[in-house]
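Coordinate inspection notes
Chain residues, written in single-letter form:
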Amino acid sequence: MATRYWIISLPLQNSPASSLWSRLQDSISKNSFDTPLYRFSVPNLRVGTLDSLLSLSDDLLKSNNFIEAASHKIRRQIEDLERVSGVSSTSLTVDGVPVDSYLTRFVWDEARYPTMSPLKEIVDGIHVQVAKIEDDLKVRVAEYNNVRSQLNAINRKQTGSLAVRDLSNIVKPQDLFTSEHLVTLLAVVPKYSQKDWLSSYETLTTYVVPRSSKLLHEDNEYALYSVTLFNRDADNFRTKARERGFQVRDFEYNSETQESRKQDLEKLLQDQDTLRSSLLQWCYASYGEVFTSWMHFCAVRVSVESILRYGLPPTFLSAVLSPSVKSEKKVRSILEGLSDSSNSTFWKVEDEGSMGGFGGDADAHPYVSFTINLI
């Protein structure tokens, strides 16, 4: 599938559209046969006054950039969700057909956008609709990312170093001894300080039970040791241990808390899967909505720019092309040759200045042309 298209229009110059279309087809097939070419059907829209068209044209480029950005944002979200879900990337569709097919076989939806409506009303309606979809996307993505952030925080606690990770999956009930007078503390010791710990923990304070320290777990940076001492000396031991570079972690084993954490984790995992699936389905549908709106907007845009370029009544042929990079110059030459020569001279002169094309396109041509990037 091509990802970059030109939507262009050529002035009819007192010749029927069918005749100009045949000439365009012949020129492309003979000089740039690898360039796909399609008619782009633009209905008879309610033109209004030239002043209203000039006013509308000022906003066309800005609106197009906004709609295009929304389309790309949803598409990238789909790609991210499919990758995370392990789903094979699917060919996106619009109204049941592939995206490129919808563009190259575009037909105006009269029921959705009545051609008798003022052009500004159509453009504003499209902008409002796409803006609402973009706002909905932000809300849905934020909800999904919130659950992901909670899970990531849990994973960091479960997979981080012993200095920060959750110890509930490491420490067992039998590792802890608690009575009226005795308590077991858990010390996180840098691996390079293990010999120092084993030789000094009994003397850090007065009331440590001799030979009570046991190695419970190790990671790449730290070792986790238990040590038993008199309860009344626990705070003093924490202070002395910290002075030697040993971290005493607060920990209390509770079977009910363990079960509650497990249930919370299972619920978060279920919520993540549900939200991801829901968001993906919403993105599929919303991408189609935005793309449909975008193509109708492009039809309005090519109509407005063609009238401002060629004058009234509207007499132009619109088409969609997808030239390769190496064929662009050749195709531009073909299109220029099929445009009015006086128009061509006029626009070349303006191009040397700073006027540019209608709608703010960087390149000025003697015909209407703007680019559609699908990705």
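Below or above, wherever it landed, is the structure these notes cover. Note that the coordinates shown come from a computational prediction; the quantities given were computed from them, not determined experimentally.

Observations concerning the overall build of the chain
- Along the backbone of the chain there are nine helices and 10 strands.
- Rg of the C-alpha trace for the chain: 34 Å, well past the compact-globule value of 21 Å for 375 residues, more than 25% over.
- Considering only C-alpha atoms, the chain reaches an extent of 105 × 40 × 35 Å along its principal axes.
- Counting the 375 residues in the chain, one finds 45% classified as buried.
- Restricting the contact set of the chain to residue pairs at least 6 apart, pairs at least 24 apart contribute 81%.

Notes on the sheet that holds strand S9 (residues 316–321)
- An order of S2-S9-S1-S10 is seen for the four strands of this open sheet, with the pairing classed as antiparallel. Both edges of this open sheet fall to strand S2 (37–39) and strand S10 (368–373), since each of them pairs with a single strand only. Looking at each pair of strands side by side, their axes are set apart by 25° on average, direction ignored.
- Of the pairings in the sheet, the one linking strand S1 (residues 4–11) to S9 comprises six bridges and is antiparallel in character.

Topic: the sheet that holds strand S7 (residues 222–230)
- In space, the four strands of this open sheet follow the order S6-S7-S5-S8, with antiparallel pairing throughout. Of all strands in the sheet, those bounded by a partner on one side alone are strand S6 (214–218) and strand S8 (247–249). On average, each strand axis in the sheet is tilted by 35° relative to the strand beside it, whichever way the strands run.
- When S6 meets S7, the two strands line up antiparallel, connected through four bridges. Paired with His217 across the bridge in S7 is Leu224.

Some thoughts on the nonpolar core
- Ranked by size, the top nonpolar core spans 75 residues in total, and within it Ile7, Leu24, Phe40, Leu103, Phe291, Met295 and Ile372 carry the most contacts.
- In contact with Leu24, not counting residues within four places along its chain, are Leu10, Leu37, Leu317, Ala319, Ile334, Leu335 and Leu338.
- Core analysis: the second largest hydrophobic core is formed by 17 residues, Tyr201, Ala223, Tyr225 and Ala234 among them.

Basis of the calculations
Residues numbered from 1 in each chain as written. Predicted model: local features only at pLDDT ≥ 70, side-chain atom pairs only at ≥ 80, totals over all residues. Heavy atoms only, no water. Helix = DSSP H or I, 4+ residues; strand = E, 2+ residues; numbered from the N terminus. Rg over C-alpha atoms; globule rule 2.2 N^0.38 Å. Buried < 20%, exposed > 50% of the residue type's maximum accessible area, 1.4 Å probe, protein only. Contact = heavy atoms within 4.5 Å. Pairing = 2+ DSSP bridges. Axes fitted to C-alpha atoms, helices over the stretch in contact; angles between N-to-C directions. Core = buried A, V, L, I, M, F, W, Y, C linked by side-chain atoms within 4.5 Å.

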